[in-house]
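Now for the letters of each chain:
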Amino acid sequence: MFYLESQDLTNKKAIIRVDLNVPLDENNKVADTTRIEACTETVDKVIKLGGSCVLLSHLGRPKGKDNKLSLKQIVDTVSLVFKRPVMFHENCIGKEAEKVVSLLEPGQIILMENLRFYEEETKGDLEFAESLSKLGDVYINDAFGTCHREHASTAVIAKFFNGKKFAGKLLQKELEVINQIAEQGKKPVLTILGGAKVSSKLKILYNLIHKVDKIIIGGGMAYTFIRAKGGKTGNSLFEEELIENAKEILTIAEDSGKEIILPEDTIASTDFDNNERIKTFKTAKIEDGWMGLDIGKESIEKFNKAILSCNTVFWNGPMGVFEKEKFSLGTEAICKSLREAKSNGVNVIVGGGDSIAALKKLGNKDWVTYISTGGGALLESLEGKALPGVKALSNDY
Ligand code: AMP
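None of these values were measured; they are calculated from a predicted model.

Basis of the calculations
- Residues numbered from 1 in each chain as written.
- Predicted model: local features only at pLDDT ≥ 70, side-chain atom pairs only at ≥ 80, totals over all residues.
- Heavy atoms only, no water.
- Pairing = 2+ DSSP bridges.
- Helix = DSSP H or I, 4+ residues; strand = E, 2+ residues; numbered from the N terminus.
- Axes fitted to C-alpha atoms, helices over the stretch in contact; angles between N-to-C directions.
- Buried < 20%, exposed > 50% of the residue type's maximum accessible area, 1.4 Å probe, protein only.
- Near = heavy atom within 4 Å.
- Polar contact = N/O pair within 3.5 Å; in protein donor to acceptor, adjacent residues only side chain to side chain.
- Areas by Shrake-Rupley, 256 points an atom, 1.4 Å probe, with all protein chains shown as cover.
- Nonpolar A, V, L, I, M, F, W, Y, C, P; charged D, E, K, R; others polar.
- Domains from an automatic or database assignment.
- Contact = heavy atoms within 4.5 Å.
- Buried area = accessible area lost by both parts, 1.4 Å probe.
- Salt bridge = Lys/Arg side-chain N within 4 Å of Asp/Glu carboxyl O.
- Phe/Tyr/Trp six-rings, centres within 6.5 Å; stacked < 30°, edge-to-face > 60°.
- Lys NZ or Arg CZ within 6 Å of the ring centre and 35° of its normal.

1. A few points about the sheet that holds strand β12 (residues 278-282)
Overall, antiparallel pairing links the three strands, which are arranged β12-β11-β14 in an open sheet. Looking at strand neighbours, the two that pair on one side only are β12 and β14 (291-295), the edges of this open sheet. The sheet shows a mean angle of 40 degrees between the axes of neighbouring strands, taken without regard to direction. As judged from the five bridges shared by strand β11 (residues 265-269) and β12, these two strands associate in the antiparallel manner. When the bridges of β12 are listed, I267 appears paired with T280.

This is the structure in structure tokens:
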């Protein structure tokens, strides 16, 4: 296994690829420290094992050197969150950088400048990766959010660390959670998918239908499935070209004893922007001129029952246009059901920006068993793909 456990890192310099791609406010201050908090455990662990930390990260999408995206701006906040002093160096490769790093004492931490000031980073350039590799004795990847990219610092660099490369604590947790959702979670396992389109989650559906026991489909996605079953969905969002896929997924579910749970009723409006007229319909009987924008009471009840009958639940994507108060009740109801399930001992895992935003809106989200830090990386894992950043940690990479 390539997890960071009880390796002896005494006097070793650990290159840690972290994800410090934090949002900045208008004064270039860190607006949300979640990503910094997420890598604290690995930094603490390396120091406990006797090593020093060389942190590599990207910030934003600079085209060349761009002071507005310098990691220097966040170093004080990183230090506050880590509760440890953190040094900064204005480059991430080169003789000067190597010299500064060579002087690190055990327990010290240095953050190197934004990797993406070099276009070689995203190109996965081997020479650039080799230059990065000179900054340490071991390599640790803890940047789950970028593991789906084959970049110099997330994958290629690992070629230079055979036998000396590990997954950090955050990456380890994320991989364990994916395993619970898609392989070995306590049964019954339920996935709740929502959001606008089936197309962005089609591969996930094809993969998870073989792995989980039940899938709830809500949000705009649901109408393509309702149509595939012969329902009338009025002017609701749907993807004509995916009707056959939806039928196929429904058939796979039926043949393999899996359950696909669709909304019973829908709250609809005649106009997406001006929602004066609102009416509830059976989801399969929406009148022309009306578009479904949230799930109704019967759906909430049905979904609630399914959630409470499972032992592992993963949720990704809103049940309606939750950004608008009038269509946020379905998504809020999911949050409430999940909370109730969690208090009954259910393992509750949440991923995706919209779902996390909805949880936040309802207040404290600390009760959730695990909130994934990865967007694209999480979705690609759930499609069944092996992530380049994870593959790179095996010694035959
Ligand atoms: P996605 O990016 O595919 O996860 O979709 C998220 C978006 O889906 C959110 O901005 C929601 O407003 C939108 N959404 C959810 N339900 C519906 C719906 N019934 N009709 C149109 N948009 C929806």
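On we go from here.
2. Thoughts on the pairing of β11
Most of β11 is tucked away: five of the five residues are buried. Here β11 pairs with β14 via four bridges, running antiparallel. Bridge assignment links T266 to a residue of β14, and that residue is I295.

3. Observations concerning the site of the ligand
Around the ligand sit 15 residues in total, of which A196, G292, G320, E323 and D354 are the nearest. In the model, an oxygen atom of the ligand is placed 2.9 Å from a nitrogen or oxygen of the A196 main chain. One nitrogen or oxygen atom from the side chain of E323 is found 2.4 Å from an oxygen atom belonging to the ligand. For the ligand, whose accessible area on its own is 500 Å², the fraction buried by protein is 77%. Of the residues in the shell around the ligand, the class split is five nonpolar, six polar and four charged.

4. Digging into the domain arrangement of the protein chain
Interface size is commonly expressed as the accessible surface area that is lost when the partners come together. The domains assigned to the protein chain are domain 1 (13-167) and domain 2 (174-382). One C-alpha centre belongs to domain 1, the other to domain 2; they are set 36 Å apart. Residue-level contacts link six residues of domain 1 with eleven residues of domain 2. Both faces combined, the contact of domain 1 with domain 2 buries some 640 Å², and carbon together with sulfur accounts for 70% of it. At the surface where domain 1 touches domain 2, the tally comes to one salt bridge. Where domain 1 touches domain 2, the interface holds one residue pair in polar contact (both at pLDDT 80 or more). When grouped by side-chain class, the residues that make up the side of domain 1 that touches domain 2 number two nonpolar, two polar and two charged.

5. Thoughts on the sheet that holds strand β5 (residues 138-141)
Ordered in space as β3-β4-β2-β1-β5-β6, the six strands form an open sheet in which the pairing is parallel. Among the strands making up the open sheet, the edge pair consists of β3 (87-89) and β6 (165-167). Along the sheet, successive strands turn relative to each other by an average axial angle of 25 degrees, direction set aside. Here four bridges tie strand β1 (residues 13-17) to β5, and the two strands are oriented parallel to one another. Bridge pairing in β5 links R17 to N141.

6. Regarding the packing of aromatic side chains
For any two aromatic rings, the description comes down to two numbers: the centre-to-centre distance and the angle of the planes. Scanning all chains against the criterion turns up four aromatic pairs. Taking the centre distance of 5.6 Å and the plane angle of 75 degrees together, the rings of F2 and Y3 count as edge-to-face. Using a relative accessible area of 19% as the deciding quantity, one classes F2 as buried. Take Y3: its relative accessible area is 14%, and that puts it in the buried class. With a centroid separation of 6.0 Å and 25 degrees between ring planes, the pair formed by Y139 and F161 is classed as stacked. Of this pair, Y139 sits in strand β5 while F161 sits in the loop between β5 and β6, placing them 22 residues apart in sequence. We note K159 situated over the ring of Y397; from NZ or CZ to the ring centre the distance is 4.3 Å. Stacked on the ring of F272, the Lys or Arg K324 has its end atom at 4.7 Å from the ring centre.

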